[in-house]
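Topology and contacts: notes
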Amino acid sequence: MIQENRLIEQFLELVRIDSETKQEREIADALKKRFEELGFEVFEDDTATATGHGAGNLICTLAAAPGKEDAPAILFTCHMDTVTPGKGVKPRLDSDGYIRSDGTTILGSDDKAGIAALVEAIRALKENGAPHGKLLVVITAGEESGLIGSRALAKSKPEMLQAAYGYAIDSNGKVGDIAVAAPTQARIQITIKGKSAHAGVNPEDGISAIQVASKAISRMPLGRIDFETTANIGSFAGGGATNIVCDRVDIAAEARSLVQEKLDRQVEAMKQACESAAQEFGAKAEFASEIIYPAYKYDESAPVVKLAMKAIENIGRTPKTFHSGGGSDANMFNGMGIPTVNLAVGYENIHTTEEQMPVSELTAAAKLVAEIIRLAASGEK
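Residues numbered from 1 in each chain as written. Predicted model: local features only at pLDDT ≥ 70, side-chain atom pairs only at ≥ 80, totals over all residues. Heavy atoms only, no water.

What about the packing of aromatic side chains?
Rules: Between 30 and 60 degrees the pair is tilted, below 30 it is stacked and above 60 it is edge-to-face, where a pair is any two Phe, Tyr or Trp rings, Trp via its six-membered ring, whose centres lie within 6.5 Å. Exposure classes here rest on a 1.4 Å probe applied to the protein chains alone. A residue is buried below 20% of its type maximum, exposed above 50%, and partly exposed in between.
Summed over all chains, the structure comprises three aromatic pairs. When the ring of Phe35 is compared with that of Phe40, the centres are 5.4 Å apart and the planes differ by 90°; the resulting orientation is edge-to-face. You'll find Phe35 and Phe40 in the same group, each marked buried.

Here's the deal with unusual backbone geometry
Glycine aside, a negative phi is what most residues show, and trans is what most peptide bonds show. We apply this condition: Here a helix means four or more residues in a row that DSSP labels H or I, a strand means two or more in a row labelled E, and each is numbered from the N terminus.
For the bond from Thr84 to Pro85, the omega torsion is -5°, close enough to zero to count as cis. On the secondary structure map, Pro85 appears in the loop between β3 (74-79) and β4 (92-93). Residue Asp111 is reached from Asp110 by a cis peptide bond, and omega for that bond is 15°. Positive phi, close to 85°, is recorded for Lys22, a residue that is not glycine.

Notes on empty space enclosed by the protein
Defined as follows: Cavities and pockets were defined on a 1 Å grid built over protein atoms only: a cavity is a set of grid points that admits a 1.4 Å probe from which the probe cannot escape, a pocket is an open set flanked by protein on both sides within 12 Å along at least five of seven lines, and lining residues are those with an atom within 4 Å of any such point. Grid points are joined across faces, edges and corners, and a volume is the space filled by probe spheres set on the points. Asp, Glu, Lys and Arg are counted as charged, while Ala, Val, Leu, Ile, Met, Phe, Trp, Tyr, Cys and Pro are counted as nonpolar; the rest, among them Gly, fall into the polar class.
Under the defined criterion, the tally for this structure stands at one cavity of 30 Å³ or more. Each pocket or cavity is described by its volume, and for the largest cavity that value is around 30 Å³. Forming the boundary of the largest cavity are Val15, Ile17, Asp18, Ser19, Thr82, Gly86, Val89, Leu107, Gly108 and Lys112. Its residues placed into classes, the lining of the largest cavity shows four nonpolar, four polar and two charged.

Some thoughts on helix α7 (residues 260-281)
For clarity, the threshold we go by: Between the first and last residue of a helix there are one fewer steps than residues, each counted as 1.5 Å, and that sum is the expected span. Read the arc as the range of directions from the helix axis to the C-beta atoms. By definition, residues are in contact when any of their heavy atoms lie within 4.5 Å.
With 22 residues, α7 extends 32 Å between its outermost C-alpha atoms, agreeing within 8% with the 32 Å of an ideal straight helix rising 1.5 Å per residue. Among the residues making up α7, those that are buried are Lys262, Leu263, Gln266, Val267, Met270, Ala273, Cys274, Ala277 and Ala278. Across the axial projection of α7, the buried residues extend over an arc of 155°, all falling on one side. Facing away from the buried side of α7 by more than 90 degrees, the exposed set consists of Glu261, Arg265 and Gln279. At its buried positions, α7 is contacted by β9 (184-193), α6 (209-218), β10 (223-226), β11 (229-238), β12 (248-257) and β13 (284-293).

As for the sheet that holds strand β17 (residues 356-358)
Quick note on the threshold: Being paired, for any two strands, means DSSP has found at least two bridges between them.
Read across the sheet, three strands follow the order β4-β5-β17 without closing on themselves; strand pairing throughout is antiparallel. A single partner strand is all that each edge strand has here, and the edge strands are β4 and β17. Where β4 meets strand β5 (residues 98-100), two bridges bridge the pair, whose relative direction is antiparallel. The residue of β5 that forms the bridge with Leu93 is Ile99.

Quick look at the structure:
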């Protein structure tokens, strides 16, 4: 059913299209054409105006096959953008069964391997006249710049985004691995304001923001808080000449957890550390926290997971569930009310010039997508 050579060519074509994040226009136009050729109605939302990215999100809809109108609608999502350096990718298929770039750029299998697998799976199903329920495919822009596209999509949530289950095709690991949980993240900005003075003449009249900020950070629980929660200071900036008591420090931080209540407690602990240090020294602390994306968490009894596990077994792989430490578009679709997990694609060394894509994993990913669609339409348990 899956034509491996055609799948490889599809993948090679996609990675040759420049699509670094914020420069998605060319890849968006190419994907519009591909999904329209597959019979999808393709709608590009207007989020590019708000996000500043090269394209909006593509929402592609394929009506259920005759007689399958009652089958559960399935959503698949991938992202069209890549990290840098991703311009002028020159892919090659090596004799060991791996696809690589020439070593001067990334390859772009994150997430063009997911897109290629999705396109080939649907093309093969249609060629064979396989029954299917309603299919939704959302290709997001700006995933690599902080889920920008899906975050913008979540604010509007078009009415067409209705599905029983969702599958992001964008996780690390071998095909068969399922990220059944991923944390929510709080982005934190802290400003400590002290008082400047001459460091040699009258330092006692100043309040060192560096000293206050250091004291605050020393009081924060950081790193691995527990098996579901982490926190980190990303940057610490302030000061200048050594003869001036520093009056301002800016700190960028984050906290993550699989459980919202734990995240709330962690953020509050970081805030209290800032406020107590500022009060002790007579400084001021400004603390701002923003939830970037929600968490999701499922076990093997969840229908969205059970369907994926059955499909994985049917293609001859062994399913394995795991908890991810990072967010993906799957988080946002869960936040939009669509139970969604993230499926591993099998890419290796992503975000580096040593990135590589095993053909065996690319083929398995396409088979898995096709089997999920078939199972959903058949009603098999």
